[in-house]
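Close look at the chain arrangement
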Amino acid sequence: MTDRILIVDFGSQVTQLIARRVREAGVYCEIHPFNALDDAKLKSFDPRAIILSGGPASVTETHTPRAPQGVFTQGVPVLGICYGEQTMAAQLGGAVESGHHREFGRATIEVKTDSALFDGVWGPGDHKPVWMSHGDRVTRLPDGFKVIATSENAPFAAVADEARKFYGVQFHPEVMHTPDGAKLLRNFARKIASCEGDWTMGAFKARAIADIRKQVGKGRVICGLSGGVDSSVVAVLLHEAIGDQLQCVFVDHGLLRLDEGAEVVRLFRDHYNIPLIHADASDLFLDALKGVTDPEVKRKTIGKLFIDVFEAESKKIGGAEFLAQGTLYPDVIESVSFTGGPSVTIKSHHNVGGLPARMNMKLVEPLRELFKDEVRVLGRELGLPQDMVNRHPFPGPGLAIRIPGDITREKLDLLRKVDAVYLDEIKRAGLYDEIWQAFAVLLPVRTVGVMGDGRTYDQACALRAVTSTDGMTADYYPFPHEFLGRVATRIINEVRGINRVTYDITSKPPGTIEWE
């Protein structure tokens with residue numbers, strides 16, 4: 001792999017979006033925290049270009065982050081974004097000041113001159129919408145730089161030293177609120193840095209298979225299979241790489257949706273012929289959850305039992321040296337970032353982190369370079385069915401956190417039926433792929449109803465559907481009232497025990513996507 005771009009992270013909440021945009025341009029890139037880099041590591045990484053991210057600190061204060069000085073002597077193009085522009089200007093002899101007009105949100109920039117960064121996208125005299133988020137601003141440019149765009153409150157909204165191929169933008173091209181931002185990042189990666197743009201999922205798949213074979217050799221690998229996108233892609237990729245050296249374990253905690261366990265077994269054991277142990281531990285989990293109503297206790301109970309069951313099944317197999325996990329790149333970034341990650345961790349996942357220490361096995365993590373949307377692309381490359389690849393996220397604790405209050409078999413059966421009707425109607429309407437996540441919640445209340453001239457006193461349910469790009473923020477999906485009415489009618493007619501249906505229109509924040 002010759003073409004790769006290094007992204008130096010200063011703690012921006014949207015640094016991951018920079019990587020997404022660069023990869024969308026067909027160029028491989030990695031994010032590294034600023035304080036984990038030195039000149040030796042820069043040289044070893046051998047980037048074709050470097051991007052300096054935004055960040056929450058102020059360049060005007062002492063002891064705030066700076067780029068390793070080797071960034072500017074590496075002889076490769078550099079793009080500074082927001083804080084990245086400011087620290088680049090300061091480190092190269094310019095000036096940055098606080099106390100000027102701040103810009104947060106939409107702004108308009110005026111393009112002053114031609115630049116390689118704007119080639120084919122913007123021209124002199126253009127007025128273009130961008131997204132700003134800064135309190136400080138550059139007030140004096142280093143030698144060799146010129147202004148290429150301004151805004152009302154940022155006289156150096158975009159700057160360039162074309163000779164050294166150093167560029168700085170005060171706005172954020174990585175966010176969707178800067179409509180042409182992805183094109184600017186593509187220009188930087190493909191035209192300025194001369195990257196080929198040949199990082200494809202087909203190339204990744206071939207390299208991943210070779211890496212797996214090299215790491216594993218003739219050893220045996222155990223993979224925990226949940227039926228979700230990540231673990232499914234890991235399982236199929238490993239099977240293509242090492243065949244029967246792979247043993248999958250599917251821990252069925254009895255908290256899955258309607259027929260989900262049987263579908264997992266049918267797809268992987270029967271269709272792919274992947275060695276699979278179906279550990280039906282539903283009785284164990286439901287017994288342990290009796291009377292448990294606190295959401296966090298539910299999660300911890302399920303997480304501990306999952307590890308116990310998985311470990312017990314692994315010991316029965318014996319002889320495996322490696323444990324495969326569906327760790328993704330955002331998980332890696334969270335664990336190494338100098339701030340502990342650009343966002344607060346809301347919950348931990350029971351299938352990440354606890355198993356290796358307990359089981360004393362070597363890790364195989366073939367997806368650790370990929371974002372979630374890239375995993376779906378790899379799934380298609382591997383030939384996984386579309387409905388599996390496009391499957392909505394499903395929580396590790398399953399339906400347990402969609403039943404506020406205590407968990408019983410009766411409640412689980414009721415919720416499964418409601419959820420099945422709801423998702424069926426979404427798919428019939430052709431809306432499934434427009435929605436990030438959709439599910440039903442069984443409410444811990446009973447309501448009075450009238451059916452067939454008789455009084456009912458049954459359960460109520462809530463329907464939830466949200467749109468999102470990464471799950472960090474979300475808004476409710478605006479179903480037409482006709483659709484909601486049709487779903488409610490079907491649920492009440494077909495699911496005995498439900499007599500009232502509500503729709504959750506809470507965004508995230510202030511709510512979370514799941515109810516517990």
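I will try to describe carefully the structure that is included in this document.

Rules used throughout
- Residues numbered from 1 in each chain as written.
- Predicted model: local features only at pLDDT ≥ 70, side-chain atom pairs only at ≥ 80, totals over all residues.
- Heavy atoms only, no water.
- Helix = DSSP H or I, 4+ residues; strand = E, 2+ residues; numbered from the N terminus.
- Buried < 20%, exposed > 50% of the residue type's maximum accessible area, 1.4 Å probe, protein only.
- Contact = heavy atoms within 4.5 Å.
- Expected span 1.5 Å × (residues − 1).
- Phe/Tyr/Trp six-rings, centres within 6.5 Å; stacked < 30°, edge-to-face > 60°.
- Lys NZ or Arg CZ within 6 Å of the ring centre and 35° of its normal.
- Axes fitted to C-alpha atoms, helices over the stretch in contact; angles between N-to-C directions.
- Parallel < 35°, antiparallel > 145°, perpendicular 65-115°, else oblique.
- Left-handed = near helix turned anticlockwise from the far one by under 90°.
- Nonpolar A, V, L, I, M, F, W, Y, C, P; charged D, E, K, R; others polar.
- Disulfide = S-S within 2.5 Å.
- Core = buried A, V, L, I, M, F, W, Y, C linked by side-chain atoms within 4.5 Å.
- Pairing = 2+ DSSP bridges.

On to the environment of Gly 84, then. In this fold, Gly 84 is placed in helix H3 (residues 83-91). For Gly 84, a relative accessible area of 0% corresponds to the buried category. For the pair Gly 84 and Leu 141, spaced 57 residues apart in sequence, the C-alpha separation works out to 14 Å. Other than its neighbours up to four places away in sequence, Gly 84 contacts Phe 10, Leu 52, Ser 53 and Gly 54.

Looking now at helix H4 (residues 181-192). The end-to-end C-alpha distance of H4, which contains 12 residues, comes to 15 Å, matching closely the 16 Å that a straight helix rising 1.5 Å per residue would cover. Among all positions in H4, only Gly 181, Leu 184, Leu 185, Asn 187, Phe 188, Ala 189 and Ile 192 are buried. Check the buried side of H4 and you find it contacts strand E1 (4-9), helix H1 (15-24), strand E3 (49-52), strand E4 (78-81) and strand E11 (166-169). One or two positions beyond H4, positive phi appears at Ser 194, with a value near 60 degrees.

Taken as a whole and judged by the stated rule, the model has 14 aromatic pairs. Seen from their ring centres, Trp 122 and Phe 171 are 6.1 Å apart, and the 50 degrees between their planes marks the pair as tilted. Remark: Phe 171 occurs in the loop between E11 and H4 and Trp 122 occurs in the loop between strand E6 (103-111) and strand E7 (127-134); sequence separation between them is 49 residues. Among the residues examined, Trp 122 registers a relative accessible area of 5% and is labelled buried. Overall, the relative accessible area of 0% leaves Phe 171 in the buried class. The ring centre of Tyr 432 lies 5.1 Å from the NZ or CZ of Lys 427, which sits over that ring.

This part covers the packing of helix H5 (residues 201-216) against helix H6 (residues 229-242). Relative to each other, H5 and H6 sit at 65 degrees, their axes nearing to 9 Å. Between H5 and H6, the angle is such that the two are roughly perpendicular. Crossing of H5 against H6: the hand is right-handed. Residue-level inspection shows Lys 205, Ala 208, Ile 209, Ile 212, Arg 213 and Val 216 of H5 in contact with H6, the latter providing Leu 237, Leu 238, Glu 240, Ala 241 and Ile 242. Split into classes, the residues belonging to the contact of H5 with H6 amount to eight nonpolar, no polar and three charged.

This part is about the state of the cysteines. In total, this model carries zero disulfides according to the counting rule given. Of all cysteine sulfurs in the structure, the one in Cys 195 sits closest to Cys 29, which takes part in no disulfide; the separation is 9.8 Å. With no disulfide of its own, Cys 248 lies 4.5 Å from the sulfur of Cys 223, the closest cysteine sulfur. We classify Cys 248 as buried; its relative accessible area is 1%.

A word on the nonpolar core. Grouped together as the largest cluster of nonpolar side chains are 91 residues, with contacts concentrated most on Leu 238, Phe 268, Tyr 422, Ile 426 and Phe 479. Per-element accounting of this core gives the leading share, nine residues, to H6. Setting aside residues up to four positions removed in sequence, Phe 479 forms contacts with Tyr 422, Ile 426, Leu 431, Ile 435, Ala 465, Leu 484 and Tyr 503. Ranked by size, the runner-up nonpolar core spans 41 residues in total, among them Ile 5, Val 121, Phe 188 and Tyr 329.

Below, the discussion takes up the pairing of E3. Both faces of E3 are covered, namely the face carrying Ala 49 and Ile 51 and the face carrying Ile 50 and Leu 52. The pairing of E1 with E3 spans four bridges and is classified as parallel. Bridging across to E3, Ile 7 finds its partner in Ile 51. Here E3 pairs with E4 via three bridges, running parallel. Across the sheet, residue Ile 51 finds its bridge partner in E4, namely Leu 79.

With that settled, consider the pairing of strand E9 (residues 146-151). Judged from the four bridges that link them, E9 and strand E10 (residues 154-161) form a sheet pairing that is antiparallel. Within the sheet, the bridge partner assigned to Ser 151 lies in E10 and is Ala 154.

This paragraph deals with unusual backbone geometry. The linkage connecting Lys 508 with the following residue, Pro 509, adopts the cis geometry, with an omega of -15 degrees. Inspection of the secondary structure puts Pro 509 in the segment after strand E20 (498-503). The step from Pro 509 to Pro 510 runs through a cis peptide bond, and the omega angle for that step is 10 degrees. In this model, Asp 259 sits at a positive phi of 65 degrees, which is unusual for a non-glycine residue. Along the chain, Asp 259 falls in the loop between strand E13 (246-252) and helix H7 (260-271).

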